[in-house]
Amino acid sequence: NAGVTQTPKFRVLKTGQSMTLLCAQDMNHEYMYWYRQDPGMGLRLIHYSVGEGTTAKGEVPDGYNVSRLKKQNFLLGLESAAPSQTSVYFCASSFTMEREQFFGPGTRLTVL
Amino acid sequence: GENVEQHPSTLSVQEGDSAVIKCTYSDSASNYFPWYKQELGKGPQLIIDIRSNVGEKKDQRIAVTLNKTAKHFSLHITETQPEDSAVYFCAAKEDSWGKLQFGAGTQVVVTP
């Protein structure tokens, strides 16, 4: 089992560019989450999904979109990147809302 | 919504000593309190969790205590070792549907 994987590991964007971060899990988990991690602020939930075809907003959803077309994949999109979106992005998954969340290794994104 | 405060932000301990990290939460409905360890360049990993029907839980050198009346919970690491050096995050949520709210993190450095 690979667990939760994220692609890419690093990316540098210019302001206004777009990109998609891919998260994949092979644990047959229903729930998937996207967080961003900034110094001194812990992890903040961007969007989450409770199953294939469903998505919902988290704490800081503005500027991001997500899609869950397949159960094992959760995509995070930035349509027009801004310097404020410079962060480390983590994907996580869990079997249910009550169970442990498993995190991926993260994507370090810099927006110039 | 839930608000979790974590202290201290940095903690330096001598190898073999104990380390204590404290968190407070605001939502009395929260009843699940996990602790995550994040090593450099990796995603967070669950190390221990506690639910509100117990006051203390131990796993080898790690223990968590919960005081629901005061709305605070703590992580205790005994006999610290260099491999305990990492960032530790506390979190809280209402079990059935709530989303995890993370503290800001504590950088623990264990010096030989």
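The coordinates are above.
Please read all numbers here as calculations on a predicted model, not as lab measurements.

Novice: Tell me about the overall build of chain A, and name the residues and values.
Specialist: Looking only at helices and strands, chain A features 0 helices and 11 strands. Reading chain A from its N terminus to its C terminus gives the helix and strand order β-β-β-β-β-β-β-β-β-β-β. In terms of overall size, chain A behaves like a compact globule, its C-alpha atoms giving a radius of gyration of 13 Å where 112 residues would be expected to give roughly 13 Å. Looking at the 112 residues of chain A, the share that counts as buried comes to 49%. Put simply, of all contacts in chain A between residues at least 6 apart along the chain, 56% involve residues at least 24 apart. Considering chain A, the positive charge centre built from 11 side chains and the negative charge centre built from 9 side chains are found 8 Å apart.

Novice: Which residues make up the overall build of chain B, and what values go with them?
Specialist: The helix and strand tally for chain B stands at 0 helices and 11 strands. Shown N-terminal to C-terminal, the secondary structure of chain B runs as helices and strands in the order β-β-β-β-β-β-β-β-β-β-β. Reported as C-alpha extents along the three principal axes, the dimensions of chain B are approximately 40 × 25 × 20 Å. Residues counted as buried form 45% of the 112 residues belonging to chain B. Sequence-distant contacts in chain B: of pairs separated by 6 or more residues, those separated by 24 or more amount to 53%. When the accessible surface of chain B is split by element, carbon and sulfur atoms take 48% of a total near 5500 Å². If you average the places of the 11 positive and of the 14 negative side-chain charges in chain B, the two averages end up 5 Å apart.

Novice: So what's going on with the interface of chain B and chain A? Which residues, and what values?
Specialist: At the junction of the two partners, chain B supplies 20 residues and chain A supplies 17 residues. At the boundary of chain B with chain A, total buried surface from both sides reaches about 1500 Å², with 55% on carbon and sulfur atoms. Contact with chain A buries area across many residues of chain B, yet B:Pro44, B:Lys99 and B:Phe102 alone supply 31% of it, more than any other trio. Scanning the region where chain B abuts chain A turns up 0 salt bridges. Inspection of the region where chain B meets chain A yields 2 residue pairs in polar contact (both at pLDDT 80 or more). Listed by contribution, the elements that provide at least two residues to the side of chain B that touches chain A are strand E4 (32-38), strand E5 (45-51) and strand E10 (101-102) of chain B.

Novice: So what about the state of the cysteines? Which residues, and what values?
Specialist: All names here are of chain A. Within the structure shown, the criterion is met by 2 disulfides over all chains. Covalently, Cys23 is tied to Cys91 through a disulfide, its sulfur atoms 1.9 Å apart. Its S-S torsion of approximately -75° makes the covalent link between Cys23 and Cys91 left-handed. On the criterion of sequence distance, the pair formed by Cys23 in strand E3 (residues 19-25) and Cys91 in strand E9 (residues 87-94) is long-range, its members being 68 residues apart.

Novice: Talk me through the environment of A:Leu21; I want residue IDs and the actual numbers.
Specialist: All names here are of chain A. Looking at the secondary structure, you find Leu21 in strand E3. Judged by relative accessible area, Leu21 falls into the buried class, the value being 0%. Considered as a pair, Leu21 and Thr5 are 16 residues apart in the sequence and their alpha carbons are 11 Å apart. Ignoring sequence-local partners within four residues, the contact set of Leu21 consists of Thr7, Trp34, Phe74, Leu75, Leu76, Leu78, Tyr89 and Thr107.

Novice: Go over the sheet that holds strand E8 (residues 72-77) of chain B, please, and point to the residues and values.
Specialist: All names here are of chain B. Strands sit in the order E1-E3-E8-E7-E6 across an open sheet of 5 strands; the sheet is antiparallel. Both outer strands of the open sheet, strand E1 (4-7) and strand E6 (56-59), are each paired with one neighbouring strand and no more. On average, adjacent strands in this sheet sit at an angle of 15° to one another, irrespective of strand direction. The pairing of E1 with strand E3 (residues 19-25) spans 4 bridges and is classified as antiparallel.

What counts and what doesn't
- Residues numbered from 1 in each chain as written.
- Chains lettered and ligands numbered in written order.
- Predicted model: local features only at pLDDT ≥ 70, side-chain atom pairs only at ≥ 80, totals over all residues.
- Heavy atoms only, no water.
- Helix = DSSP H or I, 4+ residues; strand = E, 2+ residues; numbered from the N terminus.
- Rg over C-alpha atoms; globule rule 2.2 N^0.38 Å.
- Buried < 20%, exposed > 50% of the residue type's maximum accessible area, 1.4 Å probe, protein only.
- Contact = heavy atoms within 4.5 Å.
- Lys, Arg positive; Asp, Glu negative; His and termini not counted.
- Charge placed at Lys NZ, Arg CZ, Asp CG, Glu CD.
- Areas by Shrake-Rupley, 256 points an atom, 1.4 Å probe, with all protein chains shown as cover.
- Buried area = accessible area lost by both parts, 1.4 Å probe.
- Salt bridge = Lys/Arg side-chain N within 4 Å of Asp/Glu carboxyl O.
- Polar contact = N/O pair within 3.5 Å; in protein donor to acceptor, adjacent residues only side chain to side chain.
- Disulfide = S-S within 2.5 Å.
- Pairing = 2+ DSSP bridges.
- Axes fitted to C-alpha atoms, helices over the stretch in contact; angles between N-to-C directions.

Such coordinate-based values are descriptive only and should not be taken to indicate function.
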